Amino acid sequence: MFFLAFRHLVSRRQQTLFTLLGVALGTSVLIAFTSVMTGFQDFLIDQLVNNDAHVRIQVDDRPVDPTVLKQALWSSMGQVVWVNRPTSALTVNSIRNPLGWFEVLNQDSRVYAYAPQLSAQVLYSKGGIHQGGRLTGIKPELQVKVTNILSYVTQGDFRALAHGGRRIVIGEGLAQRLGVVLGDNVLVGTGTGSSVPMKIAALVKTGVRTIDDGMGFSLLNDVQQIAGRPGQVTDIAIKLFDVTQAQDFAHQYAALSAERVASWDELNANILSVFGMQNLIRGFISVAIMLVASFGIYNILNILVNQKRKEIGILRSMGFTAADVQRLFLIQGTVLGGLGGLLGLFLGYLMGFLFSLIRVEGMVTASMVSFSAWIYLMGFVVAFGSALFSSYFPARAAARFRPIEIIRSGE
Amino acid sequence: MIEIRGVTKSFGQPPTTVLHGIDAVIPEGSFVAITGRSGSGKSTLLYILSTLDQATSGSVLLGGRDPEKLTDSELHDFRNQNIGFVFQFHFLLPELTALENVLMPARKHRQHLNSQRRAYAMSLLERFDLKSKADQISTSLSGGEQQRVAIARALVMQPQYLFADEPTGNLDSINGEIVMRILEEASRERGATVLYVTHDRDFAGRADLQIQLKDGRIDQISRRSIDTAPAP
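Just so we're clear, the structure is a prediction, and the values are computed from it rather than from any experiment.

Criteria and thresholds
- Residues numbered from 1 in each chain as written.
- Chains lettered and ligands numbered in written order.
- Predicted model: local features only at pLDDT ≥ 70, side-chain atom pairs only at ≥ 80, totals over all residues.
- Heavy atoms only, no water.
- Helix = DSSP H or I, 4+ residues; strand = E, 2+ residues; numbered from the N terminus.
- Rg over C-alpha atoms; globule rule 2.2 N^0.38 Å.
- Buried < 20%, exposed > 50% of the residue type's maximum accessible area, 1.4 Å probe, protein only.
- Contact = heavy atoms within 4.5 Å.
- Areas by Shrake-Rupley, 256 points an atom, 1.4 Å probe, with all protein chains shown as cover.
- Polar contact = N/O pair within 3.5 Å; in protein donor to acceptor, adjacent residues only side chain to side chain.
- Domains from an automatic or database assignment.
- Arc of directions from axis to C-beta.
- Pairing = 2+ DSSP bridges.
- Axes fitted to C-alpha atoms, helices over the stretch in contact; angles between N-to-C directions.
- Parallel < 35°, antiparallel > 145°, perpendicular 65-115°, else oblique.
- Left-handed = near helix turned anticlockwise from the far one by under 90°.
- Nonpolar A, V, L, I, M, F, W, Y, C, P; charged D, E, K, R; others polar.
- Patch = residues over 30% accessible without salt bridge, like charges linked within 9 Å, V, L, I, M, F, W, Y side chains within 5 Å.
- Salt bridge = Lys/Arg side-chain N within 4 Å of Asp/Glu carboxyl O.
- Core = buried A, V, L, I, M, F, W, Y, C linked by side-chain atoms within 4.5 Å.
- Buried area = accessible area lost by both parts, 1.4 Å probe.
- Expected span 1.5 Å × (residues − 1).
- Bend = angle between axes of the 7 residues up to and from the residue.
- Phe/Tyr/Trp six-rings, centres within 6.5 Å; stacked < 30°, edge-to-face > 60°.

Take the overall build of chain A next. A count of helices and strands for chain A gives 15 helices and 10 strands. In terms of overall dimensions, chain A is more spread out than a globule: its C-alpha atoms have a radius of gyration of 33 Å, far above the 22 Å expected for 411 residues. Along the first, second and third principal axes, the C-alpha atoms of chain A reach 105 × 65 × 40 Å. Within chain A, the fraction of its 411 residues that count as buried is 47%. By sequence separation, contacts in chain A at least 24 residues apart represent 77% of the contacts at least 6 residues apart. Taken as a whole, chain A presents about 20600 Å² of accessible surface, with 60% of it coming from carbon and sulfur.

This part takes up the side chain of Ser125(A). Residue and element names in this part refer to chain A. By the element assignment, Ser125 lies in strand S2 (residues 111-126). Polar contacts involving the side chain of Ser125 include one to the side chain of His130, which spans 2.8 Å. When near neighbours in sequence (up to four residues on either side) are disregarded, Ser125 contacts His130, Leu178, Val186 and Leu187.

What follows deals with the domain arrangement of chain A. You can read the domains of chain A as domain 1 (2-48 + 271-409) and domain 2 (105-233). Inter-centroid distance (C-alpha atoms) of domain 1 of chain A to domain 2 of chain A is 54 Å.

What follows covers helix H9 (residues 246-254) of chain A. The periodicity of an α-helix, 3.6 residues per turn, causes residues three or four positions apart to be oriented the same way. Residue and element names in this part refer to chain A. Buried residues of H9: Ala246, Phe249, Ala250 and Tyr253, and no others. Viewed end-on, H9 has its buried residues packed into an arc of 95°, placing them on one side of the element. The inward-facing, buried residues of H9 abut strand S1 (55-58), helix H4 (98-107), S2, strand S9 (235-240), strand S10 (260-263) and helix H10 (264-267).

A few words on the sheet that holds strand S3 (residues 31-36) of chain B. Residues and elements named next belong to chain B. If you trace the 6 strands from one edge of the open sheet to the other, you get S5-S6-S7-S3-S8-S9, paired in mixed fashion. Each edge of the open sheet is held by one strand with a lone partner, namely strand S5 (83-86) and strand S9 (217-223). In this sheet, neighbouring strand axes are inclined to one another by 15° on average, regardless of whether the strands run parallel or antiparallel. Bridging between S3 and strand S7 (residues 193-197) involves 4 bridges; their strand directions are parallel. Following the sheet pairing, Phe31 is matched in S7 by Val194. The strands that helix H5 (residues 143-155) touches are S5 and strand S6 (161-165); relative to S5, the one it contacts most, it runs at about 170°.

What follows deals with the packing of helix H12 (residues 309-317) of chain A against helix H13 (residues 322-357) of chain A. All names here are of chain A. Where H12 meets H13, the axes come as close as 9 Å, and the angle between the chain directions of the two elements is 140°. Our classification of the angle between H12 and H13 gives oblique. Considering how the two elements wind past one another, H12 and H13 form a crossing that is right-handed. Contacts from Ile312, Leu315 and Arg316 of H12 reach H13 at Ala322, Val325, Leu328 and Phe329. Here the residues of the contact of H12 with H13 are counted per class, giving 6 nonpolar, no polar and 1 charged.

To continue, consider a nonpolar patch on the surface. Residues and elements named next belong to chain A. Together, Leu17, Phe18, Leu21, Leu343, Phe346, Tyr349, Leu350, Phe353, Leu354, Leu357 and Phe371 make up a nonpolar patch on the protein surface, roughly 1000 Å² of accessible area in all. If you list the elements that add at least two residues to the nonpolar patch, you get helix H2 (13-51) and H13. It is H13 that contributes the most residues to the nonpolar patch, 7 residues altogether. Of note, Leu17 is situated in helix H2.

The next thing to look at is the sheet that holds strand S2 (residues 16-26) of chain B. All names here are of chain B. Here 3 strands make up an open sheet; going across it, the order is S2-S1-S4 and the pairing antiparallel. In this open sheet, the two strands that pair with only one neighbour each are S2 and strand S4 (57-62). Averaged over neighbouring strand pairs, the angle between their axes works out to 20° when direction is ignored. Strand direction decides the pairing type here: strand S1 (residues 2-11) and S2, joined by 7 bridges, are antiparallel. Bridge pairing links Ile2 to Ile26 in S2.

This brings us to the nonpolar core. Side chains that are nonpolar tend, in soluble globular proteins, to be buried together. Counting residues in each nonpolar core, the largest one holds 67 residues, and the members touching the most others are Phe329(A), Ile2(B), Phe163(B) and Leu195(B). No other element matches the 8 residues that helix H11 (residues 269-307) of chain A contributes to this core. Every residue in contact with Phe163(B), bar those within four places of it in the chain, is listed here: Ile2(B), Leu46(B), Leu49(B), Ser50(B), Ile83(B), Gly84(B), Phe85(B), Val86(B) and Leu195(B).

Counting residues at the interface gives 24 residues for chain B and 25 residues for chain A. Of the roughly 2300 Å² buried where chain B meets chain A, counting both sides, 66% is carbon and sulfur surface. Inspection of the region where chain B meets chain A yields 3 salt bridges. A salt bridge links Asp324(A) to Lys108(B), with the shortest nitrogen-to-oxygen separation between them at 3.6 Å. Connecting chain B to chain A are 6 residue pairs in polar contact (both at pLDDT 80 or more). Going through the elements one at a time, helix H1 (42-49) and helix H2 (72-82) of chain B are the ones with two or more residues in the side of chain B that touches chain A. Among the elements that line the side of chain B that touches chain A, the one with the most residues is H2(B), at 3 residues.

All names here are of chain A. Along its 28 residues, helix H14 (residues 373-400) runs 40 Å from first to last C-alpha, staying within 8% of the 40 Å computed at 1.5 Å per residue. In H14, a bend of some 30° at Tyr392 exceeds every other bend along the element, and Pro394, a proline, comes one to four places later. Within H14, burial applies to Ile375, Tyr376, Gly379, Ala383, Ser386, Ala387, Ser390, Ser391, Pro394, Ala395, Ala398 and Ala399.

So, on to the packing of aromatic side chains. Residue and element names in this part refer to chain A. Under the criterion given, the structure shown has 14 aromatic pairs over all chains. Taking 5.8 Å as the distance between ring centres and 75° as the angle between the ring planes, the aromatic pair formed by Trp74 and Trp82 counts as edge-to-face. In this structure Trp82 comes out as partly exposed when scored by relative accessible area, which is 24%. Taken together, the ring pairs in this structure connect Trp101, Phe249 and Tyr253 into an aromatic cluster.

Counting across every chain of the model gives 20 salt bridges over all chains. A salt bridge links Asp108(A) to Arg110(A), with the shortest nitrogen-to-oxygen separation between them at 2.9 Å. Accessibility expressed as a relative area gives 10% for Asp108(A), which makes it buried. Salt-bridge contacts for Glu184(B) lead to Arg188(B); the nearest nitrogen and oxygen are separated by 3.7 Å. Taken together, the residues span about one helical turn, with Glu184(B) and Arg188(B) both in helix H6 (residues 173-188) at a distance of 4 residues. Owing to a relative accessible area of 2%, Glu184(B) belongs among the buried residues under this scheme. Owing to a relative accessible area of 28%, Arg188(B) belongs among the partly exposed residues under this scheme.

Okay, structure coming up:
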């Protein structure tokens, strides 16, 4: 039946070509669209996973629920009237036993590295210019193990923080706002005490404006001193050997501690939920694109089946079975889907490649287009599957023709 | 031998009976004409005998085998290996050349690759004066040529039974004569049992056996002595 199916396709060159192009275009748009969407998501997830810790231990600032408190303390009383309603403000705003955590983390074989941090709201000043922001106290040798901060250094030496002498690393945006350059001093203060001059050891640019315009890093001891919180840490950033264990790891320690222990995906749940919505929309668009291509195949085969009634009748009279006739049309559908799909893979790759050449200010476009093999496999499977599905019904109709009826009608 | 036992055929609802208990025995290798007026049931009987249609009641035995007792797959194989058809309209596959059309039944079991089968197909085309047109697309052939290709196709599997439904109905007298001679050859030289439906008295007169139908019943069966049959 391959032979006859092939002849059917070749004898209708124009129809075949347009149907092939329909499938190819549908597949290529599907692939290009998925490549860009997936590339963008992969890029962001890569940023989320690799730029920051896999798991973060933080001070738990969950709001206190008055009804839970009432139930726990005065469950027998009918009504409790609050003089001051309970709030989420904690008297302790740092991790209670950081040394205990360090001990536990040192013994956990899943932990690649961890880095204690103290984060504080500060005011950066230079001359008469003031800029609010955050200052994170770190241990540089540990920080570079748990985050990708080194890859964002544009000027200076991040590791120079470890040399002491009140050094600071700030975002390029913050430097521009303050009008400072590498090697300059900025004043850093919490607003409650006097400001401390710090020398700029390096500048970083992450591409995230909220970080670049207000973030600074300095030695943990220096920040503890500036913030008046000696010995305190607000976060412990943890990098695991295997990022896929992050959620289990976080859940295990969260159940045992008073601190909030959250994995990277829990910390970025809002972003990931947007990805979910994007994927849903992508799914709908993919279905719509392939439906259009499938209708092309369905339509062409349906017309063909009706045009070929007498040939179907004669084939049956020669001893070809209903299944043979069904195969004849299924082959044509799948050849259209297969060849159209292959052409679509090539066009889709080309479109993805062209997208990757487009430069948008502030974005690393090339790395945002995914050329992952599964996208191409999915594109081909969808094209082939749609073709098979859409050719099934005309093929089944052809198989159901009774040869005697066709021959009798003398069509 | 073809044994026809009480074959009745009805169509529609309420049923209209077009064949009423046909009984006949057709010896192996016979050249048989089925005649009768339009609507007498000639084609219906031919289609039942050729396994394309089924009798409402009664049975047909082809070489002692009852096609109705075969499975669907066995029936299709039986048809492919033992039965050839020629229709009033040639029903060639327009995408294929003359030779490809002839070899089409052989494709069912990939016998088209068999060199003997191909040689036989070519010999049929040569015999039918179509050798030079073997590689031409079938639609480029004349009506008579197309019908001869259709007969070659019906014969390519060397079937025991050849059924032809008004094979000359669409042809001029010259081409009609050529086609009839080919059918006679199939019977007399190749030993196939050939049954053909015709309205043409001359063509009917060349048969060994004439089955004349009238209103769905056998009106007359006339046999002709082999001695008086015209030379092929």
